[in-house]
Structure formats: structure tokens, C-alpha cells
Amino acid sequence: MRTLLCCCSLYLWLCSCYAQPSPKNKEIKCDAKIEREYSDGSASIAFIHLHANETTALNAVRQFLERNKGSLFYVKQRAERNISLVLNDSIFQFDPNRIFTSAGRKANLSPYSAAADSVVKMFANEIVSELHSYRMIISVHNNTPSNFSISSYKKGGEFEREASKVYINRKMDEDDFVFTTDENIFDKCRKQKLNVVLQDNVRRTDDGSLSVYCSNVKLSYVNIEAEFGHADQQLKMLQFIYQAVSSKLEERSYAAERSGE
Ligand SMILES: [Zn+2]
């Protein structure tokens, strides 16, 4: 049985199927909202699920939180990747994982308008203001075979320039992998022979994704990617990363104690 203590809507201004005036008296309609579920409010790890259609990932993290500490933030809407927003009778669409920087919103918001940008920026700010009280962010995503995988980050791959290091275990499915901004976590995954990519935190494209935002503000970030339907693999990666992250956080606290911080 799930042991969640709380399930609440964080953003009443962006809520289901009714209009509500924004601070500038614009009429906003949106059927997406961010919700939070948590099993322990004192936990230092936040899990985040941004693409509502990626249900394998959401189920895996919920199953994981039945037995472990952490808070889960997730986008609740119909099972689609993008969010639709109606602002003063005009319709806009955006990918909720491309909204965390102004360059990302500019490239992603369709069609672009400054007024819609300010609404989406509020949405992004509400999310990151919640995340800042945690010491580690673990994001969960799903992908489909034959488009995006760890191979996309290899030499000659579409996202080669986004990665500073890549480790591939050929016995693993290339769609199941960890992506992180944190070299310590990368090293732990490589030792465990787990497919892993280390983001190049200097050269990476500013696409407005949460990994870019976290590297900008020096917040440790891990994304656990798995193919749709690979629930067991995603759960196993969650378990490994949770252990690796927990020991890293303990090491850091110990070092801070020793140095009197
Ligand atoms: Zn995703």
C-alpha cells in the first residue's frame, strides 16, 4: 500500500478547466497542474516527472517511494508530453522540460509571445522554487526505441557536444541509462557498469531543460531514462542511484562537519 502522506496542488493559478485572472488580469486556461506527493517531508532528494505521457517512469518512482524517502513533483494533465495554454483566447504549447531558462522558452514556446512567456516563466519559477530546498534532484523520463538513447551522446551522435563523458555497457539496452550533471555520480555508475552520460556543464546547449538549469545554479541533477515499458529496469536504476546519492550526501555532510561548516 502506498504510504504517501500528502497529495496537493501547488499552483492554483494554473488549474483544471477554468479561467482565473493572473496578476495582470489576463485570462489563463490550462488543464495541467503540478502536484506533489511525498513520503517524508524531511528527505533531501526531490524526484520530478515532467512529461505526463511517460507513465512507466511515474509508476516506477511511485513504487520506489512506497519504501524510500523523498518528495515527488509531477505534472498532472492528460497523457501528453506538451502542455497547452490558452491566454486571452490564443493557444500556446510548450514542453515542460524546456522552460527553465529564457532561451529555452523562446525556442520552445509555440507560437512565441512575450505575454505567454511570462506565464510559463511563473510556472517554471514555482517548480524551481520548490526544488531549491532539496540537495539532489532526480528526474525520471521514458523514451522509445530507435530515436533517442545513450548512443545519441557518443562521438558522431546527435547530442555528442552535450556530453563530457559517456560510459556504455553493451550488455544493457541503450535506451536505459543515467544522465547526470555530477561527476561523482557518473563515476559511481561507471563502477557499477551502468550506462551513464556526464553532461558537459560548460558546452551544453541552453535548451531550457532542468539539467541545464541545475548546472547553472550548481544543483546536483540526475535523470533516469528508460524505454517505455522497462519498469523493472527503471526501478533498479532508481534503487542504485538512490543509494549512490544517499552515500554522496552523507559524505558531504561528514566533510562539512569536519571542516566546521
Ligand atoms: Zn520525458
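First, a word on scope: everything that follows refers to the structure included in this document. (Residues numbered from 1 in each chain as written. Predicted model: local features only at pLDDT ≥ 70, side-chain atom pairs only at ≥ 80, totals over all residues.)

This part is about the environment of Lys-26. One can find Lys-26 in the loop between strand S2 (20-21) and strand S3 (27-30). In this structure, the C-alpha to C-alpha distance between Lys-26 and Asn-88, residues 62 residues apart in sequence, is 6.4 Å. With residues up to four places along the chain from it excluded, the contact list for Lys-26 reads Leu-87, Asn-88 and Ala-115. (Helix = DSSP H or I, 4+ residues; strand = E, 2+ residues; numbered from the N terminus. Contact = placed C-beta atoms within 7 Å.)

This part covers the pairing of strand S6 (residues 71-76). With five of six residues buried, S6 lies mostly within the body of the structure. For strand S4 (residues 33-38) and S6, the ladder comprises six bridges, and the chain directions are antiparallel. Bridging from a neighbouring strand, Arg-36 pairs with Phe-73 of S6. With four bridges connecting them, strand S5 (residues 45-49) and S6 associate as parallel partners. The partner of His-49 across the bridge, within S6, is Tyr-74. Taken together, S5, helix H1 (residues 55-65) and S6 form a β-α-β motif whose crossover is right-handed. (Buried ≥ 20, exposed ≤ 12 C-beta atoms within 10 Å, placed from the backbone. Pairing = 2+ DSSP bridges. Right-handed = clockwise from strand over helix to strand, strands pointing away.)

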